[in-house]
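# Coordinate analysis (summary)
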Amino acid sequence: DIARIGGTVRGFREWRRWEYFPHFSSEDIRAGIYDQLEQSQGQRHTYIVGSAMGFELVERAVAYSNSLVNKHFARLT
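Quick look at the structure, then. What you see is a predicted model; the values in this text were computed from it and never measured. (Residues numbered from 1 in each chain as written. Predicted model: local features only at pLDDT ≥ 70, side-chain atom pairs only at ≥ 80, totals over all residues. Heavy atoms only, no water.)

The next thing to look at is the overall build of the chain. Along the backbone of the chain there are three helices and zero strands. Sequence-ordered secondary structure for the chain, helices as α and strands as β, is α-α-α. Buried positions account for 14% of the 77 residues belonging to the chain. The long-range share in the chain, meaning contacts at least 24 apart out of those at least 6 apart in sequence, stands at 37%. Counting only carbon and sulfur atoms, one obtains 54% of the accessible surface of the chain, whose full area is about 7300 Å². (Helix = DSSP H or I, 4+ residues; strand = E, 2+ residues; numbered from the N terminus. Buried < 20%, exposed > 50% of the residue type's maximum accessible area, 1.4 Å probe, protein only. Contact = heavy atoms within 4.5 Å. Areas by Shrake-Rupley, 256 points an atom, 1.4 Å probe, with all protein chains shown as cover.)

Right under this line is the structure:
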């Protein structure tokens, strides 16, 4: 396509499609990776929210995020 429009390729970067997150094996889960992640919440003022914790459903991602806010921050209501 690039040559067709008059350009030349000088190099490229490989892009690989990631598999669905998370990349934890059964052994990782047995070893308590989710407990370790949960314990790291708030360290260095960083929180993992949304689907990053491996929830594929929006409802579950929102519910987890809400519970994290309620646990680590003062409630506003």
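Further notes follow.
Moving on: the pattern of salt bridges. The full count for this structure, using the stated rule, is three salt bridges. Of the charged contacts in the structure, one is a salt bridge between arginine 4 and aspartate 1, with a shortest N-O distance of 3.5 Å. Take arginine 4 and aspartate 1: they sit in the same class, and that class is exposed. The shortest N-O distance in the salt bridge between arginine 30 and glutamate 27 comes to 3.5 Å. Residue arginine 30 and its partner glutamate 27 are located together in helix α1 (residues 26–30), separated by three residues, close to a single helical turn. (Salt bridge = Lys/Arg side-chain N within 4 Å of Asp/Glu carboxyl O.)

Here helix α3 (residues 58–72) is 15 residues long and its end C-alpha atoms lie 21 Å apart, about the 21 Å a rise of 1.5 Å per residue gives. Those residues of α3 that sit buried are Ala61, Tyr64, Ser65 and Leu68. For α3, the buried positions fall inside an angular range of 100° around the axis, keeping them on one side. Those residues of α3 that are buried are in contact with α2 (33–40). (Expected span 1.5 Å × (residues − 1). Arc of directions from axis to C-beta.)

This paragraph deals with the side chain of glutamine 41. By the element assignment, glutamine 41 lies in the loop between α2 and α3. Under the relative-accessibility criterion, glutamine 41 is labelled buried at 6%. Within the local environment of glutamine 41, its side chain forms a polar contact with the backbone nitrogen of isoleucine 48, the two atoms lying 2.7 Å apart. Those residues in contact with glutamine 41 that lie beyond four places of it in its chain are Thr46, Tyr47, Ile48, Tyr64, Leu68 and His72. (Polar contact = N/O pair within 3.5 Å; in protein donor to acceptor, adjacent residues only side chain to side chain.)

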